[in-house]
Amino acid sequence: MATFRLTILGVGLLGGSLGLAAKRRISDCHVTGYGHRPDTLRRAMEMSAIDEASNSAAESVKQADMVVLATPVGLFDQLLREIAPALKPGAIVTDVGSTKRSIVQSAGSILPAGVHFVGSHPMAGSEKRGVEFASADLYQNALCILTPTAKSDERAVEAVRHLWKSLGMRLIDLSPDDHDSALAQVSHLPHAVAAALVAMQQESSLMLAGKGFADSTRIAAGDGGLWRDILLDNRDNMQKSVDCLITQLHGLSTMLKTGDAEGLKAWLDQAAAVRERMAGKSEGK
């Protein structure tokens, strides 16, 4: 059986975890890691997250069967342009990005004929950053969203599907548009709200913050540059989601002003019931 050659562009938390998991779960897999920080590449090698390190994106993909973009989404377009001339015919490119419309469009216009792109978004991660926090189990039992289109090569789609299933992930397919719309509500807006909750505090209030505040704002500790790129890339859906949140908060403000105890309890109970159903589904998986 031929060696499966995987190149990971960006060996931080997600890329490093991918390398560790692939080397554990995929037989005869050779992992090349690309990055621009020598210390990160050295650490990834020491952890055995990658077999080979490169500071050239183009050089790192020359022999690759599959390439995974694992940098912040703001770098995807640049990386595609760098690697496009170096990719061998039949190579497959995918990603771990939190937005999908822009990368699908860029890949379609930049990658050469005979190279296939399939968008993917493994819903795994942490507010922690860096390859030192990488884990071979990060993707186990987590959800991965694939975003094939009518133009996607079927064999490439199945190859990407097989990669993530091999790492223990559950899979669903969404269109790039549906993905970005849904993720604005359940991922991108919550991050922005957590940041807003922290930003509005005074030092005197933060001194009194307990576990509830810590739990509800944990994700605000994420990388600002990474999340800036995500929010801007999905700005139209984010604006809609922000407007929906404002409507909810306006309703809350009205109930508080009018002393609507019954309405306030019904609003809170409805939210609690939805949250309880979420918890039940999660435990049942």
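Our structure is the block above this text.
The rules behind these values
- Residues numbered from 1 in each chain as written.
- Predicted model: local features only at pLDDT ≥ 70, side-chain atom pairs only at ≥ 80, totals over all residues.
- Heavy atoms only, no water.
- Axes fitted to C-alpha atoms, helices over the stretch in contact; angles between N-to-C directions.
- Helix = DSSP H or I, 4+ residues; strand = E, 2+ residues; numbered from the N terminus.
- Parallel < 35°, antiparallel > 145°, perpendicular 65-115°, else oblique.
- Left-handed = near helix turned anticlockwise from the far one by under 90°.
- Contact = heavy atoms within 4.5 Å.
- Buried < 20%, exposed > 50% of the residue type's maximum accessible area, 1.4 Å probe, protein only.
- Pairing = 2+ DSSP bridges.
- Right-handed = clockwise from strand over helix to strand, strands pointing away.
- Phe/Tyr/Trp six-rings, centres within 6.5 Å; stacked < 30°, edge-to-face > 60°.
- Polar contact = N/O pair within 3.5 Å; in protein donor to acceptor, adjacent residues only side chain to side chain.
- 1 Å grid on protein atoms, 1.4 Å probe; cavity = no way out; pocket = protein on both sides within 12 Å on 5 of 7 lines; lining within 4 Å.
- Points joined across faces, edges and corners; volume = space filled by probe spheres on them.
- Nonpolar A, V, L, I, M, F, W, Y, C, P; charged D, E, K, R; others polar.
- Salt bridge = Lys/Arg side-chain N within 4 Å of Asp/Glu carboxyl O.

Chemist: Would you explain the packing of helix α4 (residues 76-83) against helix α5 (residues 101-110) in this entry?
Modeler: Packed helix pairs are characterised by how far apart their axes lie and by the angle those axes make with each other. Their axes nearest at 10 Å, the elements α4 and α5 cross at an angle of 20 degrees. It follows that α4 is roughly parallel to α5 by the angle criterion. Judged by the twist between their axes, the crossing of α4 over α5 is right-handed. Two secondary-structure elements touch here, α4 through F76, D77, L80 and R81 and α5 through I103, S106, A107 and I110.

Chemist: Would you take a moment to explain the pairing of strand β8 (residues 143-147) for this structure?
Modeler: On a regular strand, each side chain points to the face opposite its neighbour's, so the side chains alternate between the two faces of the sheet. For β8, the buried fraction is high: four of the five residues fall into the buried class. One ladder, built from four bridges, connects strand β7 (residues 119-122) with β8; its direction is antiparallel. Residue G119 lies in a different strand from β8, and its bridge partner there is T147. In this fold, β8 hands off to helix α6 (residues 154-166), which returns the chain to strand β9 (residues 170-173); that crossover is right-handed.

Chemist: Hey, could you run me through the packing of aromatic side chains in this one?
Modeler: What characterises a pair of aromatic rings is the spacing of the ring centres plus the angle enclosed by the ring planes. With the rule as written, the count across this model stands at one aromatic pair. When the ring of Y139 is compared with that of W164, the centres are 5.5 Å apart and the planes differ by 55 degrees; the resulting orientation is tilted. Here W164 lies in helix α6 and Y139 lies in the loop between β7 and β8, a separation of 25 residues in the sequence. Residue Y139 is classed as buried on the basis of its relative accessible area of 0%.

Chemist: I'm lost on the side chain of D180 in this one. Help?
Modeler: With respect to the helices and strands, D180 occurs in helix α7 (residues 176-199). For D180, a relative accessible area of 1% translates into the label buried. In terms of polar contacts, D180 uses its side chain to reach the side chain of H179, at 2.8 Å. In this view, D180 contacts S98, T99, K100, R101, N234 and N237; residues no more than four positions away in its chain are not counted.

Chemist: Please clarify how unusual backbone geometry should be interpreted in this entry.
Modeler: Apart from glycine, the bulk of residues carry a negative phi angle, and the bulk of peptide bonds sit in the trans form. Non-glycine residue D28 carries a positive phi angle of around 50 degrees. Checked against the element boundaries, D28 lands in the loop between α1 (13-25) and β2 (29-34). The residue S48 is not glycine, and still its phi comes out positive at about 65 degrees. Mapped onto the elements, S48 comes out in the loop between α2 (38-46) and β3 (52-54).

Chemist: Sorry if this is basic, but what is going on with the sheet that holds β8 here?
Modeler: Think of a sheet as strands paired side by side through backbone hydrogen bonds, with each pair either parallel or antiparallel. Here we have three strands laid out as an open sheet, ordered β7-β8-β9, and mixed in their pairing. Only two strands of the sheet have a single neighbouring strand rather than two, namely β7 and β9. Taking the axes of each pair of neighbouring strands and ignoring which way they run, one obtains an average angle of 20 degrees across the sheet. Pairing between β8 and β9: four bridges, direction parallel. Bridging from a neighbouring strand, C144 pairs with L171 of β9.

Chemist: Mind showing me how you'd approach the layout of surface pockets here?
Modeler: It is the rolling of a water-molecule-sized probe over the atoms that shows where space remains empty. Computed from the structure, the second largest pocket encloses a volume of approximately 390 Å³. Forming the boundary of the second largest pocket are 21 residues, of which V104, G108, F117, T149 and K151 lie nearest the centre. Those elements that provide at least two residues to the lining of the second largest pocket are α5 and β6 (116-117). The element that contributes the greatest number of residues to the lining of the second largest pocket is α5, accounting for five residues. Within the lining of the second largest pocket, the residues separate by chemical class into 10 nonpolar, eight polar and three charged.

Chemist: Which parts of the structure should I look at to understand the side chain of T94?
Modeler: Structurally, T94 can be placed in strand β5 (residues 92-95). One polar contact links T94 to S120, side chain to side chain, over a distance of 2.6 Å. Residues within four places of T94 in sequence aside, it is in contact with M66, V67, V68, L69, F117, V118, G119, S120 and V160.

Chemist: Quick question: what am I supposed to make of the pattern of salt bridges here?
Modeler: Once their charged atoms are close, side chains differing in charge can pair, the charge on each being opposite to the other. Following the criterion strictly, the structure yields 16 salt bridges and no others. Taking the shortest distance from any N to any O, the salt bridge between D173 and R161 comes out at 3.2 Å. Note that D173 is positioned in strand β9 and R161 in helix α6, a separation of 12 residues in sequence. Of the charged contacts in the structure, one is a salt bridge between R228 and D229, with a shortest N-O distance of 3.1 Å.

Note that all results are geometric; they support no functional claim without further evidence.
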